[in-house]
Each structure stands twice: as structure tokens, then as C-alpha cells.
Amino acid sequence: MSSSTNVIFQVQPGGSLNGEIRVPGDKSMSHRSIMLGSLADGVTHVTGFLNAEDAMCTLEAFRAMGVQIEGPVNGEVTVHGVGKHGLKAPEKPLYLGNSGTSMRLLSGLLAGQPFDCVLTGDKSLESRPMKRVTAPLAQMGAEIVTQENGTAPLHIKGKAGKLQGMHYDMPIASAQVKSCLLLAGMYAEGETSVTEPAPTRDHTERMLAGFGYPVTRDGATARITSNGKLTATNIDVPSDISSAAFFLVGASIAPNSDVTLKHVGINPTRTGVIDILRLMGANIEVLNEREVGGEPVADLRVRSAQLQGINIPEHLVPLAIDEFPVLFVAASCAEGQTVLTGAEELRVKESDRIQVMADGLQILGIDAQATKDGMVINGGQIGGGEVDSHGDHRTAMSFSIAGLRASGPITIKDCANVNTSFPEFRDLAVKLGLDVSVI
Ligand code: S3P
């Protein structure tokens, strides 16, 4: 299971990446396709669904609430929607594994149901901050009991018909908080509006619109009411740019590389990684731009380049929030200094990504200094050594990519959670030219 610490990756140093691949479906959109498909009237067909532990936690949660869901088979899922008011009380607590998106979005959606339920998760998820959703939900009239320090398990008391719409100015830029409140707003009296301090991923708003549910957007504010219904639709989930990011960095730092990543979602609220790498001098071409089901998609061609250290513009932080672990590896291979600020959110992800990456990069000989809200990295020669991913999928994959420029083998501990977002990572990395094995 996800909490297993016994999967160890061993990466042999050097190599280049070449070839054309399609990485698995977008995690954020896969979660939302199940949530909205379940609440829709009619049958929703999803293609490109991410068959990984996080998205499966959401899928199983809806099965446990009486929704009939077929698949995933080759990325295809069929959701027999039960309508906005058709969910049934689950018989047991809903176990959401490592998945922050499942827990935060579900807490909003479940706050307005006619039944009580309990949301649990693994050790990492049960140590992550949940007050950021339970506090604004309480202002809407929700009743959610957390642990003393504001963490899960969350005991949600069903408040059907008793939630009140409100306006909320989010203190942090978080798509999970925004989405949680919009989903609660579907069950609240009057209007619910959320203003974000900086743009965050807008898949919830786009997908709600795709299901025909009225949601409006003016500037930084999204608005919703309970006067709407979801009508089943077909969803084609593009490849996850957060998974593609490992190869965007890998092909940039490994000499003689040329990789094309097909059918990647390039929603502008997600493309910070491309902008940051380009500022560092990366050679990334965005080809065949097209729109698929309300989301922009393209093929990304990336070739080796000598990267330069930069001061990462703070406005790009929420647009690349999941890509910093691998961007730290890019910075380690860049000429000069890279400085990240304004990214304290990284400390409350699946692990403390600032500390875990700084510790690991230091073990590998890189001058990487953690700061309270970011990191200062001086590019240098990556060495071999043994690092600990702390059970975080993205740090595990990032340290693997570092092997492309290492002078010795890298051993990475606690890698089982790569299965939460990208079970095919090793196979695809090997296919492109990275020598990574499980020991
Ligand atoms: C997500 C939003 C982000 C991101 C997470 C997925 C989503 O979290 O880090 O992996 O699907 O809404 P925050 O919005 O809390 O930054």
C-alpha cells in the first residue's frame, strides 16, 4: 500500500532521453471527472483517466456512495450519474490514501449532503492542514470536526438544505480550497463566491461549465449557486503536465536529448513549469495546439540546453506548484544561482518539499539552502549517494531525473507512492533512456 517504505529506486548515472511518449492522464481532471460525473444526470464517459492510487481513491469513494462506475480499462471509465441529490451514505469511513485533492474537494461536496460521513487518509494526508477548508465551510454553516490540530480524520455532519452561500477572500492561492467552496456552493442557499489572491488551476470551473452547470468568473472571483444541474457529458482527459514535467527537465539537462510529449494539457493555470524552464534557457516547443473538451492541449518537444540560474518570478509559483521538486533538479544543473521565494505552500504538500529536496540535493553534493518560503540553489556537479523521498511521489521521481547528470549511482528510498500519480514513470523513463530500476 502507499505507506510502504520498501520500494527503493536505483538510478545509474548519465544517459540521454530520446523518443516520443504520452504520459498518463491529468490527476486534477481525473478526480473532477468522477466527482461531477457522479453528480450528473445520465452516463458520463471518460477517456484518458489516470489509473493511479490518488484518482482511484476518489473513484472508490463514489462507489462507496452508491455510484455505479465501470473501469478504468485502458483509461476508459463510465460513470452512471446519480444526480445532484442521489448520493447514498457510505457504510464506512471513506479512505482517501495520500490524496489531498480527494479530501479537500470532498469535504465541500459532502458538507451539504443529507448524511454524515468520515474522511480518513494515510499518515501524510492525516498530517496536512485541513482548517483551510473546514474554517470557510463552517462559515457557510457546515459542521466538520477535525483533530485538535486541524487535521483529518474529518467527521462531516450532513447539513442538507442548511448551507448558506457566502463570499470568501482566500488567504492562500489554492485551487483545492476554491474548488471545495464551489462544490459546497452547489448545495448552499444564495450565491457562493470565491476570490483568489493569484490565479490557480481552473479545472473545476471549466468542467462544471462542460457539464452545463452555471459558474461565472469575473477577474479573480468565481461564483456559483445551487440553481443548476449537471448533465452527463464525455470527457477526454489530456496528459498531465505535472508528469510531463519530469521529462521536460530530464531532456533539458541530459546532453543529446530530444523528447516529444504528446497530448499534454497546457491550461494556462498549469504551464508555469514551461515558463520557468524557458526563462532558464530551455528549448521547449509547443506544437499542434488544439482544444479538447474545453481544455487546451499540445505536443511538447524538448531538447537539451544549457540552463541558467534565475530568480523565479513569484507570480509563476501557483502555476507550477507541483513542479518545484523537479525544477530544483533543473536549478542544480544550471549555471549560477537560482532563487525561489513565495513558495511556503511547498512545506505542506505530500512532504515538506523544500526540506526534503534541499536535504537530498545536499547529500548529492549540491549547494541547496532551504529558506522559509523557498530555496537558494547554486548549480554544480550532482554526485551519487543515497537520498530519502519521504514517501513523496514527486520528490522520488525528481531525484530519479537527477541521475541523468550525476557522477555516480543514486539510491532513492521510500518510492512506493510514485503509484499515487504516475505508476508508469519507471517504464516510460527507461523507454526514453534513463537507467532506473527497483531494488
Ligand atoms: C490540486 C491543486 C494544488 C496541487 C494539487 C492538486 C487540484 O493544490 O498542488 O496537486 O487538483 O486542485 P493547492 O490548490 O492546494 O495548491
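Residues numbered from 1 in each chain as written. Predicted model: local features only at pLDDT ≥ 70, side-chain atom pairs only at ≥ 80, totals over all residues. Heavy atoms only, no water.

K.L.:
What's the story with the domain arrangement of the chain in this structure? I'm lost.
P.N.:
Accessible area lost upon the coming together of the parts is a frequently used measure of interface size. For the chain, the assigned domains read domain 1 (9-25 + 238-438) and domain 2 (27-236). For domain 1 versus domain 2, the separation of C-alpha centres amounts to 28 Å. Domain 1 puts 30 residues into the contact, and the matching count from domain 2 is 25 residues. Together domain 1 and domain 2 conceal approximately 2,300 Å² of surface at their shared face, both sides included; 46% is due to carbon and sulfur atoms. The largest share of the area that domain 1 buries against domain 2 comes from Arg270, Glu350 and Thr420, three residues that together contribute 22% of it. Where domain 1 meets domain 2, there are three salt bridges. Among the ionic pairs, Glu350 bridges to Arg128, the shortest N-O distance being 3.8 Å. At the surface where domain 1 touches domain 2, the tally comes to 13 residue pairs in polar contact (both at pLDDT 80 or more). Elements with a minimum of two residues in the side of domain 1 that touches domain 2: strand E19 (295-303) and helix H11 (393-402). Looking at the side of domain 1 that touches domain 2 residue by residue, the classes come out as eleven nonpolar, ten polar and nine charged. (Domains from an automatic or database assignment. Contact = heavy atoms within 4.5 Å. Buried area = accessible area lost by both parts, 1.4 Å probe. Salt bridge = Lys/Arg side-chain N within 4 Å of Asp/Glu carboxyl O. Polar contact = N/O pair within 3.5 Å; in protein donor to acceptor, adjacent residues only side chain to side chain. Helix = DSSP H or I, 4+ residues; strand = E, 2+ residues; numbered from the N terminus. Nonpolar A, V, L, I, M, F, W, Y, C, P; charged D, E, K, R; others polar.)

K.L.:
Just to check I follow, could you spell out the sheet that holds strand E11 (residues 167-169) for this structure?
P.N.:
Within a sheet, adjacent strands bond to each other through the backbone by hydrogen bonds, running parallel or antiparallel. Sheet architecture is open: four strands sit in the order E11-E13-E15-E14, paired in mixed fashion. Looking at which strands have only one partner, the edges of the open sheet turn out to be E11 and strand E14 (215-218). If you compare each strand with its neighbour and ignore which way they point, the axes differ by 15° on average. In this structure, E11 lies alongside strand E13 (residues 192-195), joined through three bridges in parallel fashion. Bridge assignment links Tyr168 to a residue of E13, and that residue is Val194. Against the sheet, helix H5 (residues 175-185) contacts E11, E13, E14 and strand E15 (221-224), and its axis sits at roughly 170° relative to E13. Lying on the sheet, helix H6 (residues 203-210) is in contact with E14 and E15; it crosses E14 at an angle near 135°. (Pairing = 2+ DSSP bridges. Axes fitted to C-alpha atoms, helices over the stretch in contact; angles between N-to-C directions.)

K.L.:
When you look at the packing of helix H1 (residues 27-39) against helix H3 (residues 100-111) in this model, what are you seeing that I'm missing?
P.N.:
To describe two helices that pack against each other, one gives the angle between their axes and the distance between the axes. Where H1 contacts H3, the axes come no closer than 11 Å and their chain directions differ by 25°. The angle between H1 and H3 falls in the class roughly parallel. The way H1 lies across H3 gives a crossing that is right-handed. Residue-level contacts link His31, Arg32, Met35 and Leu39 of H1 to Thr101, Ser102, Leu105, Leu106 and Leu109 of H3. (Parallel < 35°, antiparallel > 145°, perpendicular 65-115°, else oblique. Left-handed = near helix turned anticlockwise from the far one by under 90°.)

K.L.:
What should I look at first to understand the pattern of salt bridges in this one?
P.N.:
Opposite charge on two side chains lets them pair, provided their charged atoms get close. Applying the stated rule across the entire model yields 26 salt bridges. Between Arg353 and Glu350 there is a salt bridge whose closest N-O contact spans 3.0 Å. The same class applies to Arg353 as to Glu350, namely buried. Where salt bridges share partners, they join Arg128, Arg201, Asp322, Glu350, Arg353 and Asp392 into one cluster. (Buried < 20%, exposed > 50% of the residue type's maximum accessible area, 1.4 Å probe, protein only.)

K.L.:
Explanation requested: the site of the ligand in the structure shown.
P.N.:
Surrounding the ligand, one finds Ser28, Arg32, Thr101, Ser174, Ala175, Gln176, Arg201, Ile321, Asp322 and Lys349. Here an oxygen atom of the ligand sits 2.6 Å away from a polar atom, N or O, in the side chain of Asp322. Considered on its own, the ligand offers 380 Å² of accessible surface; in the complex 95% of this is hidden by protein. Elements that contribute at least two residues to the shell around the ligand include exactly H1 and H5. Taken together, the residues of the shell around the ligand break down into two nonpolar, four polar and four charged. Both domains that meet at the shell around the ligand, namely domain 1 (9-25 + 238-438) and domain 2 (27-236), each give it at least three residues. (Near = heavy atom within 4 Å. Areas by Shrake-Rupley, 256 points an atom, 1.4 Å probe, with all protein chains shown as cover.)

K.L.:
It is not clear to me how the nonpolar core should be interpreted in this structure. Could you clarify?
P.N.:
The tendency in soluble globular proteins is for nonpolar side chains to be buried side by side. Core analysis: the largest hydrophobic core is formed by 79 residues, its most contacted members being Phe247, Leu261, Leu277, Phe324, Ile401 and Phe425. At nine residues, helix H7 (residues 241-253) tops the list of elements feeding residues into this core. If sequence neighbours within four positions are ignored, Leu261 has contacts with Ile21, Val23, Ala244, Phe247, Leu248, Ala298, Asp299 and Leu300. Counting 64 residues, the second-largest nonpolar core is a separate cluster that includes Met35, Leu36, Ala55 and Met170. (Core = buried A, V, L, I, M, F, W, Y, C linked by side-chain atoms within 4.5 Å.)

K.L.:
Would you take a moment to explain the packing of aromatic side chains for this structure?
P.N.:
Ring pairs (aromatic) are described by centroid distance and by the angle formed between their planes. Under the definition given, this model contains five aromatic pairs. Taken together, a centroid distance of 6.2 Å and an interplanar angle of 90° make the contact between Phe247 and Phe422 edge-to-face. Note that Phe247 is positioned in helix H7 and Phe422 in the loop between strand E24 (410-413) and helix H12 (425-432), a separation of 175 residues in sequence. Comparing Phe247 with Phe422, the two get one shared label, buried. Taking the centre distance of 5.6 Å and the plane angle of 70° together, the rings of Phe422 and Phe425 count as edge-to-face. Just as Phe422 is buried, Phe425 falls in that class too. By way of ring pairs, the aromatic residues Phe246, Phe247, Phe422 and Phe425 are connected into one cluster. (Phe/Tyr/Trp six-rings, centres within 6.5 Å; stacked < 30°, edge-to-face > 60°.)

K.L.:
How should the sheet that holds strand E18 (residues 283-292) be read in this particular structure?
P.N.:
The four strands are arranged E2-E17-E19-E18 in an open sheet whose pairing can be described as mixed. Both edges of this open sheet fall to strand E2 (18-21) and E18, since each of them pairs with a single strand only. Each neighbouring strand pair of the sheet contributes to a mean axis angle of 15°, computed without reference to strand direction. As defined by bridge partners, E2 adjoins strand E17 (residues 258-265) across four bridges and the pair is classed as parallel. Within the sheet, the bridge partner assigned to Gly19 lies in E17 and is Val259.

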